[in-house]
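Descriptive analysis of the structure
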Amino acid sequence: MSGTSVSGEPGTEGLRGLLLSRIQDVPDYPQPGVMFKDITPLLADAAAFSALTDALAELCVRHRADKVVGLEARGFILAAPAAVRAGIGFVPVRKAGKLPGATLGQAYELEYGTAEIEIHADALEPGDRVLVIDDVLATGGTAEASLQLIRRAGAQVAGVAVLMELGFLNGRRRLLSALDSAPLEALITV
């Protein structure tokens, strides 16, 4: 893929190459002029998906996470198996109105309007170290809101890990203050 770079520690070029080879470019989706990065071929490849799960689980261990938060919807697909592999709990962050029972919500700005995400009010314990996992870091709005939710629940942010960062959308810059020195790990940067 031209214009694609990878970040992270040495010795992971094989993983990055495998992941990149399974991410498909879909032109003009969801609208003309957009090049969509489709991860479904990666998910359909057991070896690639397992390697990705291992890499994310290793980040959970490295950052001493007690729980993993997965962001709706593709973040669920990546975060849940990583949490299981790391031997820690998984907490879904959903769009408002999708969780039963008491929830904590956080509104955030979109390009044209606002949205809200929620977690169960009792999903995180005070002092839990929580790693946020998602498929893509784009503008950073959802990730930033999830960090606010984690802290409002009394937990600590262990970091954010994504399969792919769309660097040209500057989500990393938006997250810098919200991360408060916690790491942001992108396995691939496009």
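Residues numbered from 1 in each chain as written. Predicted model: local features only at pLDDT ≥ 70, side-chain atom pairs only at ≥ 80, totals over all residues. Heavy atoms only, no water.

**What to know about the overall build of the protein**
Scanning the protein from N- to C-terminus turns up 6 helices and 9 strands. Counting only C-alpha atoms, the protein reaches 45 × 40 × 30 Å along its principal axes. Across the 190 residues of the protein, 43% fall into the buried class. A sequence separation of at least 24 residues applies to 63% of the contacts in the protein between residues at least 6 apart. Within the structure as shown, the protein displays about 9,200 Å² of accessible surface, and the carbon and sulfur contribution to it stands at 54%. Side-chain charges in the protein split into 17 positive and 23 negative, and the spacing between the mean points of these groups amounts to 1 Å. (Helix = DSSP H or I, 4+ residues; strand = E, 2+ residues; numbered from the N terminus. Buried < 20%, exposed > 50% of the residue type's maximum accessible area, 1.4 Å probe, protein only. Contact = heavy atoms within 4.5 Å. Areas by Shrake-Rupley, 256 points an atom, 1.4 Å probe, with all protein chains shown as cover. Lys, Arg positive; Asp, Glu negative; His and termini not counted. Charge placed at Lys NZ, Arg CZ, Asp CG, Glu CD.)

**Considerations on the nonpolar core**
Residues Val-69, Ile-119, Leu-124, Leu-147 and Ile-150 are the most contacted members of the largest nonpolar core, which totals 29 residues. If you tally residues by element for this core, the top one is helix α5 (residues 141–152), at 5 residues. Those residues in contact with Leu-147 that sit more than four places away from it in its chain are Val-132, Val-157, Val-160, Leu-175, Ala-178 and Leu-179. The next biggest cluster of nonpolar side chains, apart from the first, holds 26 residues, and it includes Ile-23, Ile-133, Leu-163 and Ile-188. (Core = buried A, V, L, I, M, F, W, Y, C linked by side-chain atoms within 4.5 Å.)

**Points about the packing of aromatic side chains**
Scanning all chains against the criterion turns up 2 aromatic pairs. Taking 5.2 Å as the distance between ring centres and 80° as the angle between the ring planes, the aromatic pair formed by Tyr-29 and Phe-36 counts as edge-to-face. Under the relative-accessibility criterion, Phe-36 is labelled partly exposed at 23%. When the centroid spacing of 6.1 Å and the interplanar angle of 85° are considered together, the rings of Phe-76 and Phe-90 count as edge-to-face. Here Phe-76, found in helix α4 (residues 74–86), pairs with Phe-90, found in strand β4 (residues 89–95); they are 14 residues apart in sequence, far enough to count as distant. The exposure class assigned to Phe-76 is partly exposed, which follows from its relative accessible area of 21%. (Phe/Tyr/Trp six-rings, centres within 6.5 Å; stacked < 30°, edge-to-face > 60°.)

**As for the confidence of the model for the protein**
A residue-level look at the protein finds 94% of positions with pLDDT of 70 or above and a mean pLDDT of 92. Note that pLDDT drops below 50 for residues 1–11; the model gives that stretch 25 contacts with residues more than four away or on any other chain. (pLDDT = per-residue confidence, 0-100.)

**Comments concerning the sheet that holds strand β5 (residues 103–110)**
Read from one edge to the other, the open sheet built from 7 strands follows the order β5-β6-β4-β3-β7-β8-β9, with strand pairing classed as mixed. Edge positions in the open sheet fall to β5 and β9 (184–189), since each of these has one partner strand only. Across the sheet, the mean angle separating the axes of adjacent strands is 20° when strand polarity is ignored. Bridging between β5 and strand β6 (residues 113–120) involves 8 bridges; their strand directions are antiparallel. In the strand pairing of β6, Gln-106 is matched with Ile-117. (Pairing = 2+ DSSP bridges. Axes fitted to C-alpha atoms, helices over the stretch in contact; angles between N-to-C directions.)

**Details of the pairing of β6**
Side-chain direction in a regular strand flips from residue to residue, so the side chains alternate between the two faces of the sheet. Looking at chain direction, β4 and β6 are connected through 2 bridges and run antiparallel. From the neighbouring strand, Lys-95 faces β6, where its bridge partner is Ile-117. Once β5 ends, the chain turns through 2 residues before running back antiparallel as β6.

**Examining α5**
Helix length check: α5 (12 residues) gives 17 Å between terminal C-alpha atoms against 16 Å at 1.5 Å per residue, within 8%. Taken residue by residue, α5 has Gly-141, Ala-143, Glu-144, Ala-145, Ser-146, Leu-147, Leu-149 and Ile-150 as its buried positions. In the segment just after α5, Gly-154 is the residue with positive phi, at about 90°. (Expected span 1.5 Å × (residues − 1).)

**Things to note about the pattern of salt bridges**
Using the criterion set out here, one finds 11 salt bridges in the structure. Where Glu-13 meets Arg-16, a salt bridge forms, and the shortest distance between an N and an O atom there is 2.7 Å. With Glu-13 and Arg-16 both in helix α1 (residues 13–21) and 3 residues apart, the pair spans about one turn of that helix. The partner of Asp-45 in a salt bridge is Arg-22, and the shortest N-O contact between them spans 2.7 Å. Here the residue Asp-45 occupies a position in the loop between α2 (40–44) and α3 (46–62), and Arg-22 occupies one in the loop between α1 and β1 (24–27), the gap between them amounting to 23 residues. One connected set of salt bridges, linked through shared partners, spans Glu-58, Arg-62 and Glu-185. (Salt bridge = Lys/Arg side-chain N within 4 Å of Asp/Glu carboxyl O.)

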